[in-house]
Amino acid sequence: MSKVEEFEELRPLLFSIAYRILGSVGEAEDAVQDTWLRFDGSATRPTSTKAFLSAAVTRISIDVLRSARVRREEYVGPWFPEPLLADPYEDPARSVELADSVSMAALLLLERLSPLERAVFVLREVFGFGFDEVAVAVGRSEAACRQLLVRARRHMEAGRPRFEADRKEREELASRFFDALREGDVAGLREVLAADVSMVGDGGGKAPQLARAVIGAENVARLLASVFPLMARIDVTWEPHEVNGQPGAIFRDRDGKVLNTMALDVLDGQIQTIRSVINPEKLGHVGPVADAWAVHREVRQARRPTA
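Below is a summary of the structure that appears in this document. Starting afresh in each chain, residues are numbered from 1 along the sequence in its written order. Owing to the predicted nature of the model, reporting of local features is limited to residues with pLDDT of at least 70; listing and counting of side-chain atom pairs is limited to 80 or more, with chain, interface and lining totals taken over all residues. Hydrogens are left out, water is left out, and the side-chain values use all remaining heavy atoms of the structure.

**Thoughts on the nonpolar core**
Turning to step 1, where the next piece is worked out: Counting residues in hydrophobic clusters, the biggest one holds 48 residues, and the most contacted among them are Ile17, Tyr19, Phe121 and Phe127.
Turning to step 2, where the next piece is worked out: Taken together, the elements giving at least two residues each to this core come down to helix H1 (3-22), helix H2 (25-41), helix H3 (49-73), helix H5 (104-110), helix H6 (115-126), helix H7 (131-138) and helix H8 (142-159).
Turning to step 3, where the next piece is worked out: Helix numbers and strand numbers start at the N terminus; a helix is a DSSP run of H or I with at least 4 residues, a strand a run of E with at least 2. Among the elements that line this core, the one with the most residues is H1, at 10 residues.
Turning to step 4, where the next piece is worked out: Here a residue-residue contact requires only that any non-hydrogen atoms of the pair lie within 4.5 Å. Among residues more than four places away in sequence, those in contact with Phe127 are Leu13, Ser16, Ile17, Arg20, Tyr89, Arg94, Leu98 and Val122.
Turning to step 5, where the next piece is worked out: As used in this record, nonpolar core signifies buried Ala, Val, Leu, Ile, Met, Phe, Trp, Tyr and Cys residues forming a set joined through side-chain atoms within 4.5 Å. Partly exposed residues are those whose accessible area sits between 20% and 50% of the maximum for their type, while under 20% is buried and over 50% is exposed, using a 1.4 Å probe and protein chains only. If you look at the next biggest cluster of nonpolar residues, it comprises 40 residues, including Ala225, Leu259, Ile278 and Val299.

**A closer look at the sheet that holds strand E5 (residues 258-267)**
Turning to step 1, where the next piece is worked out: The sheet built from six strands is open, its strands ordered E2-E1-E6-E5-E4-E3 with mixed pairing. Two strands in the sheet have a free side with no partner beyond their single neighbour: strand E2 (214-215) and strand E3 (237-240).
Turning to step 2, where the next piece is worked out: Whether two strands pair depends on DSSP finding at least two bridges between them. Two elements, E5 and strand E6 (residues 270-277), share seven bridges in a ladder whose sense is antiparallel. Bridge pairing links Val266 to Ile271 in E6.
Turning to step 3, where the next piece is worked out: To get an axis, a line is fitted to the C-alpha atoms, and for a helix only the part in contact is used. The angle between two axes follows their N-to-C directions and goes from 0 to 180 degrees. Sheet strands in contact with helix H9 (residues 167-183) are strand E1 (193-202), E3, strand E4 (248-252), E5 and E6, and its direction is about 130 degrees off that of E5.

**Structural notes on unusual backbone geometry**
Turning to step 1, where the next piece is worked out: Positive phi, normally seen in glycine, also occurs at Asp235, with a value near 70 degrees.
Turning to step 2, where the next piece is worked out: Non-glycine residue Asn244 carries a positive phi angle of around 50 degrees.
Turning to step 3, where the next piece is worked out: Inspection of the secondary structure puts Asn244 in the loop between E3 and E4.
Turning to step 4, where the next piece is worked out: By relative accessible area, which is 0% here, Asn244 ends up buried.

**Things to note about the packing of aromatic side chains**
Turning to step 1, where the next piece is worked out: Within 6.5 Å between ring centres, the rings of Phe, Tyr and Trp (the latter by its six-membered ring) count as paired, and their orientation is classed by plane angle as stacked under 30 degrees, edge-to-face over 60, tilted in between. Counted under the stated rule, the structure contains nine aromatic pairs.
Turning to step 2, where the next piece is worked out: Ring geometry for Phe15 versus Tyr19: centroids 6.1 Å apart, planes at 15 degrees, classification stacked. Of the two residues, Phe15 and Tyr19 are both situated in helix H1; the distance of four residues between them amounts to about one turn of the helix. Pair check on accessibility: Phe15 and Tyr19 agree, each one buried.
Turning to step 3, where the next piece is worked out: On the basis of an interplanar angle of 80 degrees and a centroid distance of 5.0 Å, the ring pair of Phe177 and Phe178 is categorised as edge-to-face.
Turning to step 4, where the next piece is worked out: Classification of Phe177 as buried rests on a relative accessible area of 0%.
Turning to step 5, where the next piece is worked out: An aromatic cluster is defined as three or more aromatic residues linked by ring pairs; in this entry it consists of Phe7, Trp36, Phe39 and Phe52.

Interpretation in functional terms is not warranted from these geometric data alone.
Take a look at the structure:
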């Protein structure tokens, strides 16, 4: 195969590695592109193209993550990963690891790790790389990588999310949730929400967002039931869509532009967490982005009683 053909065959894997390390679709795509430039500029062909490219994209991602950490410390409000609508890499032998590792909850746990711990965990635990390959990718000895993995596992196990295994059950629950949302049905919403459910939004100071997380089935149900029928009244629509491997939806304004995404964590037949990304800087890869502030003003106007 030509260099281009080899690279394109491995592109889904490279993106999936970079996204899990970075939590950003745009930054992951840039890391993959930089990896191609290194590969294309190399005078010799590596013995293993997969190993060479995986190591290159990992090193690039680690460097990007180190600088991104500074920006995230200054982020306004809760920080969530950029929503991923579909993971391009598939491996039936590691389908469980791949699905679990891309969820919002897992990616937020990965934020607790140092860049090196995160890279080692992703390569070894998610993609099943050998310690020799991991060592080359992160520039550390195999012994050091084993220690990094031990620390990473300790952090991850402390809060590892568990999700409803049955996809059909998750989708049915999500369907009931969005039906109740559309109707403003408080009782219907309460039925599908866990007692201690939390609802959190990421606006990054660039879009309307909740001042703080809303906790509890009653509080979340009443807030959702009071807002979303008004959004429907001004022609905001939502379509079911898997978001980061979990049931969710994409919300659009009347012109079809993306307003936000919503992801639902489901466990024991109830929704445990609702995460919404409304920061326009995190939605450009989904499609043209709506003016969330304009929609917010319209919703407030629709709330006012007519004369």
